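# Commentary on secondary and tertiary structure
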Amino acid sequence: MLQKVTRSTVIDAPIERVWAVLRDFNSHDQWHDVVQASHIEGSERSDQVGCIRNFTLKDGNHIREQLLTLSDTTYTSTYCIVQATVPLQRYVASLKLKPVTDGKRTFWHWESTFDTPPGQEETLRDMVAQGVYEAGFENLRRYLRQGGDLRSQGQVELPTGVAIASRGMAVRRYGDADTIRAVDTQVAAPGPGQVRIAQRAIGVNYIDVYLRRGWIPQMLPVSDREPGVLGMEAAGTVIDVGPQVTGFLPGDRVAYIGPQPGAYSTVRRVPADWVVRLPVQIEIETAAALLLKGVTADYLLRDLGRVGPGTRLLVHAAAGGVGLLVCSWAKRLGAQVIGTVSSDEKARVARAFGCEQVIVTRNYQFADAVQQACGGADVVIDGLGETARDENLAALARRGHWISLGQATGALNMPADALIAKSLTFSRPVVFDYVNTPALMAQRAQRVWDALDSGALKMPPIERYSLEAAPQAHARLESRGSSGPLILTC
Ligand SMILES: NC(=O)c1ccc[n+]([C@@H]2O[C@H](COP(=O)([O-])OP(=O)(O)OC[C@H]3O[C@@H](n4cnc5c(N)ncnc54)[C@H](OP(=O)(O)O)[C@@H]3O)[C@@H](O)[C@H]2O)c1
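Structural notes, computed from the coordinates. (Residues numbered from 1 in each chain as written. Predicted model: local features only at pLDDT ≥ 70, side-chain atom pairs only at ≥ 80, totals over all residues. Heavy atoms only, no water.)

### A closer look at the packing of helix H6 (residues 284–304) against helix H11 (residues 438–454)
Let me state the cut-off plainly: Note on geometry: axes are C-alpha line fits, over the in-contact stretch for helices, and angles between N-to-C directions span 0 to 180 degrees. Counting from the N terminus, the helices are DSSP H or I runs at least four residues long and the strands are E runs at least two residues long. Here is the rule for angles: anything less than 35 degrees is roughly parallel, anything more than 145 is roughly antiparallel, 65 through 115 is roughly perpendicular, and the remaining ranges are oblique. Any two residues whose heavy atoms approach within 4.5 Å are treated as being in contact. Residues are grouped as follows: Ala, Val, Leu, Ile, Met, Phe, Trp, Tyr, Cys and Pro are nonpolar; Asp, Glu, Lys and Arg are charged; every other residue, Gly included, is polar.
Running from N to C, H6 and H11 cross one another at 100°; their axes reach a closest spacing of 9 Å. By the angle between their axes, H6 is roughly perpendicular relative to H11. Counting all contacts with H6, which are made through Thr 286, Ala 287, Leu 290, Leu 291, Gly 294, Val 295, Asp 298, Tyr 299, Arg 302 and Asp 303, the residues of H11 involved are Met 441, Arg 444, Ala 445, Arg 447, Val 448, Trp 449 and Leu 452. Here the residues of the contact of H6 with H11 sort into 10 nonpolar, two polar and five charged.

### Section: the packing of aromatic side chains
Formally: Only Phe, Tyr and Trp rings take part, Trp by its six-membered ring, and two of them pair if their centres are within 6.5 Å. Stacked means planes under 30 degrees apart, edge-to-face means over 60, and tilted covers everything else. Working definition: with a 1.4 Å probe on protein chains only, accessible area under 20% of the residue-type maximum means buried, over 50% means exposed, and in between means partly exposed. We call a charge positioned over a ring when the NZ of a Lys or the CZ of an Arg lies within 6 Å of the ring centre and within 35 degrees of the ring normal.
By the definition in use, this model includes 13 aromatic pairs. Ring geometry for Tyr 91 versus Phe 114: centroids 5.8 Å apart, planes at 25°, classification stacked. Residue Tyr 91 is found in strand E6 (residues 89–99), and its partner Phe 114 is found in strand E7 (residues 106–115); the two are separated by 23 residues along the sequence. Here the two residues Tyr 91 and Phe 114 agree in accessibility, since each one is buried. Ring centres of Trp 110 and Tyr 133 lie 4.3 Å apart, and the angle between their planes is 20°; on these two criteria the pair is classed as stacked. Here Trp 110 is found in strand E7, whereas its partner Tyr 133 is found in helix H3 (residues 121–145), with 23 residues between them in sequence. With relative accessibility at 1%, the residue Trp 110 sits in the buried group. Ring pairs connect the aromatic residues Trp 31, Trp 108, Trp 110, Tyr 133 and Phe 137, which therefore count as one cluster. Seen from the ring of Tyr 79, Arg 53 lies directly overhead, with NZ or CZ sitting 4.8 Å from the centre.

Keep in mind these values describe shape, not function.
Below you can see the structure in the form of structure tokens.
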């Protein structure tokens, strides 16, 4: 009687990664413990239907199998034994993958039918079920966790499980851009819930300047013995993951945002909860340039500003990192976008990103122009702070909403009574509270990538600096000369 063996499992890796290994008909000697050696006969490719693989098993047996079907669209393949020293007769097997709906995992179904000599049915069924399929599931899991698939392609170079040298850019005492200096450290293997990342690009944000100056000392304590490494976001590839981490594998392209500084470094360990895997179309430098700023634009426009058709939106530093993203996204949402910038050149850039009316001012005089342009702003997105306070109050429309997200000119002193005259509302948000769960982080990051895909977010020009040039990047940001995001590259 024909025997049938069926096994299935879920692998903690996206389908593309699992399929890349399994579609290679000659890959088993790299990941399956029972296979000693494998080669494809003749000069055929290992994904060519009809090709024959020749296995030597660790127990000394030999098996020749032929690939019968292979589909990259349905993630399926079938194959049969054409010759074997094990008594499996008329053996035909198929494997099928399906993505689990969370997009991070893969359902793998493996089955076969075969005949056996009389009396050996149970032994051979157990051998296929446990020795081939169940062991194969475990072996592939281990192979992916160690980055074996990417290591064999030279894409994972760093060792796993041991401390790795890292160079960081840090401050020993608060001050100007030239207080930022290189520090060399060792980054230990990731602990429970952590991911260790080989960083390739790091986002520079204005909060890095506040931290360097000592404006938020509780967030970045510094001393000679313990220099404070700057930086709140970066992107790169996973080196290894700690216990209890699911959804990430060595070699995965990832980016993160986190409320604890330390991102200006070549290698970093961070909680897996901060991290998102990058879609194939998002380059690592794009992720570092856009993740924190894009997520900020998302919560500003969607959650706080509730920006939609006709919203009169005033955006300060409209040609800046956050500014350009806010302008282009708000324009797509139908808002009337009015921006302030400090130069004609920046005005040109802001207009190209959807800012309809641009006010050029270096000394924060804009309220009259805003009132003339639209009769007052429904929402102000303000990263300027104290020096622009009274102008913001004057520029807002009745029942307008003032979102104070930064303080490039100094800490804002805002008595609640100042809001009464026009029934204004006021928010003082911080991006980290809008991505404080893995689900929220993933959702907002996805919205940024989708907006980029659809053109709602126009890709801004990126200014690149090497990691060691962090002082120059800071000086540039503070000079008011930059447009769009700045990144450091490793
Ligand atoms: N709370 C949050 O969740 C959050 C998240 C991200 C960013 N932010 C804030 O959003 C603002 C923009 O951040 P960003 O990283 O995208 O920086 P950015 O806008 O690229 O750079 C800052 C810009 O601020 C303007 N500025 C005005 N007065 C300035 C001064 N005295 N010194 C320096 N710059 C001055 C400059 O534009 P002009 O020369 O055109 O005026 C400058 O280009 C910052 O205030 C930042 O702290 C807050």
